[in-house]
Amino acid sequence: MPRQVTDLIFVHCSATKPSMDIDVKEIDRWHRERGFLKVGYHFVIKRDGTKEIGRDLMEAGAHVKTYNHRSIGICLVGGVAEIDINVWEDNFKPEQYATLYNLIVDLKEKFPEAKVLGHNEVSSKACPSFNVQEWLIKKEIIKVPKLTTEEEKKFLEEKREQFRKENEEKFGKQRKE
């Protein structure tokens, strides 16, 4: 059954060592071993930045409990330290981040209301091993609203000037800087 609503895009990691260049077929095998019908993600981004297709875009995923019916799942290969798989690590390559950027931009064109989140923002997991919101802001995929608009700045300057003129006599004896 096709997904009726797409209001979330989740970024995941495969929780694999940087030396493990796995692909969607390997993740599909892992997910089937866990009882899934097939790979739970819609996209897998390999170590070299190659984007692979998992589930059909409009098919419900199997990647975030309670959100699968309304979200798209993207998995970056990597995410744990080479020497200790219990240590989460942002070890993704620039090619992976470039593919992730382009994929999210494309998906946001198709689903403009969809919010992009890291798996760790809705669960106690460390996945995807980096702060997705900080990355989205840095890449200007999401814009941080300015606290003061240009019109508000102009209004405040006018009010300050008016206050200075009205109170010049009171403050006139004070040192001007």
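This text goes with the structure placed above it.
Okay, so let's go over this structure. (Residues numbered from 1 in each chain as written. Predicted model: local features only at pLDDT ≥ 70, side-chain atom pairs only at ≥ 80, totals over all residues. Heavy atoms only, no water.)

**Overview of the overall build of the protein**
Put simply, the rule is: Secondary structure counts use DSSP, requiring at least four H or I residues in a row for a helix and at least two E residues in a row for a strand, with both numbered from the N terminus. Put simply, the radius of gyration uses C-alpha atoms, and a globule should come to 2.2 Å times the residue count raised to 0.38. Accessibility here uses a 1.4 Å probe with only protein chains present; expressed as a share of the type maximum, an area under 20% marks a residue as buried, one over 50% as exposed, and anything in between as partly exposed. Contacts were defined at the residue level, with two residues in contact if any of their heavy atoms lie within 4.5 Å. Only the protein chains shown count as cover for residues, and all accessible areas are computed by the Shrake-Rupley method using a 1.4 Å probe. For the purpose of charge, His is not counted, nor are the chain termini; Lys and Arg are scored as positive and Asp and Glu as negative. Where a charge sits is defined by one atom per residue type, namely NZ (Lys), CZ (Arg), CG (Asp) or CD (Glu).
Broken down by element type, the protein carries five helices and five strands. Taken over the C-alpha trace, the protein has a radius of gyration of 24 Å; the compact-globule value for 177 residues is 16 Å, which it surpasses by more than 25%. With the C-alpha coordinates of the protein rotated into their principal frame, the extents come out at 80 × 40 × 25 Å. With 177 residues in all, the protein has 38% of them scored as buried. Intrachain contacts of the protein at a sequence separation of at least 6 include 64% that bridge at least 24 residues. A total of about 11500 Å² of accessible surface is found on the protein, and carbon and sulfur atoms cover 52% of it. Seen as two clouds, the 32 positive and the 31 negative side-chain charges of the protein have centres 2 Å apart.

**Quick word on the packing of aromatic side chains**
How we decide: A pair of aromatic rings is counted whenever rings of Phe, Tyr or Trp (Trp by its six-membered ring) have centres within 6.5 Å, and the orientation is called stacked for planes under 30 degrees apart, edge-to-face for over 60 and tilted otherwise.
For the structure shown, the criterion picks out six aromatic pairs. On the basis of an interplanar angle of 80° and a centroid distance of 6.4 Å, the ring pair of Phe130 and Trp135 is categorised as edge-to-face. Both residues of the pair, Phe130 and Trp135, count as buried. Taken together, the ring pairs connect Phe92, Tyr97, Phe130 and Trp135 into an aromatic cluster.

**Some thoughts on the pairing of strand E4 (residues 71-76)**
Convention followed: At least two bridges found by DSSP between two strands is the condition for calling them paired.
With six of its six residues buried, E4 lies for the most part within the structure. Covered by surrounding structure in E4 are Ser71, Gly73 and Cys75 together with Ile72, Ile74 and Leu76, the residues of both alternating faces. By the bridge criterion, six bridges tie strand E1 (residues 8-13) to E4 in an arrangement that is parallel. By the bridge assignment for E4, Leu8 is matched with Ser71.

**A word on the side chain of Thr6**
Basically, it comes down to this: Contacts described as polar in this section are N or O atom pairs within 3.5 Å, which, within protein, must combine one atom able to donate a hydrogen with one able to accept it, while residues neighboring in sequence count only if both atoms come from side chains.
With respect to the helices, strands and loops of the structure, Thr6 is situated in the segment before E1. A distance of 2.8 Å separates the side chain of Thr6 from the side chain of Arg3, its partner in a polar contact. With sequence-adjacent residues up to four places away left out, Thr6 is seen in contact with Met58, Arg70, Ile72, Phe111 and Ala114.

**Overview of the pattern of salt bridges**
Here is the rule we go by: The term salt bridge refers to a side-chain nitrogen of Lys or Arg lying within 4 Å of a carboxyl oxygen of Asp or Glu.
Counted according to the given criterion, the structure contains eight salt bridges. Across the pair Arg70 and Asp7 runs a salt bridge, and its minimum N-O distance is 2.9 Å. With a gap of 63 residues between them, Arg70 in the loop between strand E3 (51-53) and E4 and Asp7 in the segment before E1 connect regions that are remote in the sequence. Glu26 serves as the salt-bridge partner of Arg29, at 2.6 Å between the closest nitrogen and oxygen. With Arg29 and Glu26 both in helix H1 (residues 24-33), this residue pair falls three residues apart, about one helical turn. Here Arg29 falls in the partly exposed class, since its relative accessible area comes to 39%. On the basis of relative accessible area, Glu26 is assigned to the partly exposed category, the value being 25%.

**Re the sheet that holds strand E5 (residues 115-118)**
Heads up, the rule is: Here an angle of 0 to 180 degrees is reported between the N-to-C directions of two axes, which are lines fitted to C-alpha atoms, with helices fitted over the stretch in contact.
Strand order in the open sheet made by the five strands is E3-E2-E4-E1-E5, with mixed pairing throughout. Bordering the open sheet on either side are E3 and E5, each of which pairs with just one other strand. Neighbouring strand axes in the sheet, compared pairwise and without regard to direction, differ in orientation by 25° on average. Where E1 meets E5, four bridges bridge the pair, whose relative direction is parallel. Looking at E5, one finds that Val11 is bridged to Gly118. Its contacts with the sheet place helix H2 (residues 94-110) against E1, strand E2 (43-45), E3, E4 and E5, and it is angled at close to 170° to E4.

No statement about biological role is implied by the geometric values presented.
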